[in-house]
Amino acid sequence: GSWCPAPLCRGRALPRPPPGPACAVGRPLRWASSFSQPGPTESDPSEGQVFLSESCVKRLLEITEGSEFLRLQVEGGGCSGFQYKFSLDTVINPDDRQGQRGGARVVVDVDSLAFVKGSMVDFSQELICSSFQVVSNPQAEKGCSCGTSFSVKF
Amino acid sequence: MLVRAGAAAAAAAATTVPGLRRLWRGGGSGAAACFPLGRALVDVRGAEAAPFLQGLLTNDVTRLVAGDGPPAGALPRALYAHALNVQGRCLYDVILYRLHESPEEEPHILLECDGGVLDAIQKHMKLYKIRRKVNIAPCLDLSLWAVVPGERAGDIASSLTKCADQALILTPDPRTEVMGWRLITKKGVNLSEIIPGSRIGNIQDYHRHRYKQGVPEGVKDLPPGVALPLESNLAYMNGISFTKGCYIGQELTARTHHMGVIRKRLLPVHFSAPLPKDSIPEGAEISTESGKSAGKFRAGGGELGIALLRLANINEPLCLNLAGDKVKLTAGIPEWWPKTASK
């Protein structure tokens, strides 16, 4: 299989989660969030939005300090064509869009948002690893085995 | 700006012009020839040029680009690679050339590809660019040449390093020694000012040389979406790294390498009689004398070509099935394949 590293861009590294129980089957995923553009201009609903799961919110509240938020970017490359990149960041740019739920924030730049709109960001805890994941991406087709890379339905 | 290839430049201090002239004098099969290539060049530059290409190509771009590692003088100037599709099939065969000298400069890479896919490969790269700090543009003011030694070529390396400022790049072909050197110049330059005494060869001779040696190049030899990288001898041609991170199409390729056996490869074939131009459909069946399927014809011209053949059958007499006729052919293992590659 392929090796999919998850390098972080700016900000500090995502802290290692404590060893936890194996992922619970049938975990309820209720999501509701407001997704908006920071600043005075109106956000364009056609740009789409990203949802946060309960476990994502819980984990972010545990690990973020001060003005930190979770940044999600999409990059070209990776086994299937595109890959998700998560990092902790503090700087918001004019072309960012942000979503918040329960005090946790996720920020996506408008170019990456085109690839992940309608998706949910989840914090998944498995025996083998725990990580932030993009799940149920309506744009994505088959992906790579580790879940970091995806290809896009045209 | 003259860019010299690696160690050969340092060793060439004693090269004299008469030595070079002796190598080049007199045409025919002995001398080396310069072939103007019908391949396109794409300019890829920007701070993220290397990581951008790293996610798209089979080879390790960090071998080419000066980082914190060895000084720029020790790094190769050219790198061979394929861009694959998500299913792991070949899309484009490319050669990368590093134009910048040191890590302090903005990375500037030239990408050589089949002339017919210039638009397609730019579209492919722009699709995956997203927010990367990289600029992609066709390079229309440079010429690309292959410098191929003839049968009697002597120490071509030291002779060729004596060249004028108008060669932007002069470097050994990264695929195999038998392909000689790659030369990039400004368009319209007089070749004999760069390589005194050189002669310009007929491009058909270049293709004949490739088919004789079994070196595939371009979309006819490597049909996009059809050819498989390992069957196309990408590993023998130094075009793939099995220790680098993810790139498009890596999963199938890595799995085949680590777990699979490669039973078929592209091999040079020689027909008993020259075939009329463009008369062979790509994919025409090749079989053994007893009628068992041994592979498929891929591309060629005259009495030479390359075919995808089962390694188990290459020492038998074979024939091509062409509209009812059977044309005899023989296949051979190229001399430049690694010696352990007999199977």
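Residues numbered from 1 in each chain as written. Chains lettered and ligands numbered in written order. Predicted model: local features only at pLDDT ≥ 70, side-chain atom pairs only at ≥ 80, totals over all residues. Heavy atoms only, no water.

Chain A appears in an unreviewed UniProt entry as Iron-sulfur cluster assembly 2 homolog, mitochondrial from Aptenodytes patagonicus. Comment text from UniProt for chain A, heading Sequence similarities (unreviewed entry), reads "Belongs to the HesB/IscA family." Quoted verbatim from the Subcellular location (unreviewed entry) field of UniProt, the annotation for chain A is "Mitochondrion". (UniProt positions renumbered as here; feature names shortened; annotations may be inferred.)

Peer 1: Even after reading the chapter, I still don't get the overall build of chain B, so can you show me in this structure?
Peer 2: Counting its secondary structure elements, chain B contains 9 helices and 14 strands. Residues classed as buried in chain B amount to 55% of the 343 residues present. When contacts within chain B are restricted to residue pairs at least 6 apart in sequence, long-range pairs at least 24 apart make up 71% of them. For chain B, the exposed surface amounts to about 15,100 Å²; the carbon and sulfur share of it is 53%. (Helix = DSSP H or I, 4+ residues; strand = E, 2+ residues; numbered from the N terminus. Buried < 20%, exposed > 50% of the residue type's maximum accessible area, 1.4 Å probe, protein only. Contact = heavy atoms within 4.5 Å. Areas by Shrake-Rupley, 256 points an atom, 1.4 Å probe, with all protein chains shown as cover.)

Peer 1: Before we go on, may I ask you to explain the nonpolar core in this structure?
Peer 2: Considering soluble globular proteins, one finds that nonpolar side chains tend to be buried as a cluster. Counting residues in each nonpolar core, the largest one holds 59 residues, and the members touching the most others are Tyr97(B), Ile184(B), Phe271(B), Ile280(B), Ile286(B), Leu309(B) and Leu320(B). Apart from the residues within four sequence positions on either side, Ile280(B) is in contact with Phe271(B), Leu275(B), Phe297(B), Leu320(B) and Leu322(B). In terms of nonpolar packing, the next biggest core, distinct from the first, is built from 58 residues, Cys56(A), Ala49(B), Val94(B) and Cys113(B) among them. (Core = buried A, V, L, I, M, F, W, Y, C linked by side-chain atoms within 4.5 Å.)

Peer 1: Help me understand the packing of aromatic side chains in this model?
Peer 2: What describes a pair of aromatic rings is the distance from one ring centre to the other and the angle between the planes of the rings. For the structure shown, the criterion picks out 9 aromatic pairs over all chains. With a centroid separation of 5.8 Å and 35° between ring planes, the pair formed by Phe82(A) and Phe150(A) is classed as tilted. Here the residue Phe82(A) occupies a position in strand 4 (residues 82–89), and Phe150(A) occupies one in strand 10 (residues 149–152), the gap between them amounting to 68 residues. Like Phe82(A), the residue Phe150(A) is buried in the burial classification. Ring centres 5.8 Å apart and planes at 50° place the aromatic pair Phe271(B) and Phe297(B) in the tilted group. You can see Phe271(B) sitting in strand 10 (residues 264–275) and its partner Phe297(B) sitting in strand 12 (residues 293–310), a full 26 residues away along the chain. Overall, the relative accessible area of 3% leaves Phe297(B) in the buried class. Every member of this aromatic cluster is reached through a ring pair, and the members are Phe82(A), Tyr84(A), Phe115(A), Phe150(A) and Tyr128(B). Above the plane of the ring of Tyr80(B) lies Arg175(B), whose end atom (NZ or CZ) is 5.7 Å from the centre. The aromatic ring of Tyr211(B) is capped on one face by Arg210(B), whose charged end is 4.8 Å from the ring centroid. (Phe/Tyr/Trp six-rings, centres within 6.5 Å; stacked < 30°, edge-to-face > 60°. Lys NZ or Arg CZ within 6 Å of the ring centre and 35° of its normal.)

Peer 1: What is the right way to read the interface of chain B and chain A from this model?
Peer 2: For interface size, the figure often reported is the accessible area lost on association. The interface is formed by 16 residues belonging to chain B together with 24 residues belonging to chain A. Both sides together, the interface formed by chain B and chain A hides about 1,600 Å², and carbon and sulfur atoms give 59% of it. If you sort the residues of chain B by the area they bury against chain A, Ile130(B), Arg131(B) and Glu251(B) come out on top, with a joint share of 39%. Connecting chain B to chain A are 4 salt bridges. Here Arg131(B) makes a salt bridge to Asp111(A), at a shortest N to O gap of 3.1 Å. Where chain B touches chain A, the interface holds 6 residue pairs in polar contact (both at pLDDT 80 or more). Elements with a contribution of two residues or more to the side of chain B that touches chain A: helix 4 (118–129) and helix 9 (250–259) of chain B. Here the residues of the side of chain B that touches chain A sort into 8 nonpolar, 4 polar and 4 charged. (Buried area = accessible area lost by both parts, 1.4 Å probe. Salt bridge = Lys/Arg side-chain N within 4 Å of Asp/Glu carboxyl O. Polar contact = N/O pair within 3.5 Å; in protein donor to acceptor, adjacent residues only side chain to side chain. Nonpolar A, V, L, I, M, F, W, Y, C, P; charged D, E, K, R; others polar.)

Peer 1: Where do I start with the pattern of salt bridges in this structure?
Peer 2: When charged atoms on two side chains of opposite charge get close, those side chains can pair. Under the definition given, this model contains 21 salt bridges over all chains. Between Arg71(A) and Asp96(A) there is a salt bridge; the shortest N-O distance is 2.8 Å. One end of the pair, Arg71(A), is in strand 3 (residues 69–76); the other, Asp96(A), is in strand 5 (residues 96–101), and 25 residues separate them in sequence. In this structure Arg71(A) comes out as buried when scored by relative accessible area, which is 2%. Judged by its relative accessible area of 0%, Asp96(A) is buried. Between Arg132(B) and Glu75(A) there is a salt bridge, and its shortest N-O distance comes to 3.6 Å. Of this pair, Arg132(B) sits in the loop between helix 4 and strand 6 (135–138) while Glu75(A) sits in strand 3, each in a different chain. You can call Arg132(B) buried: its relative accessible area is 13%. By sharing partners, the salt bridges in this structure join Arg39(B), Asp93(B), Glu112(B), Asp173(B), Arg175(B), Arg182(B) and Glu217(B) into a single network.

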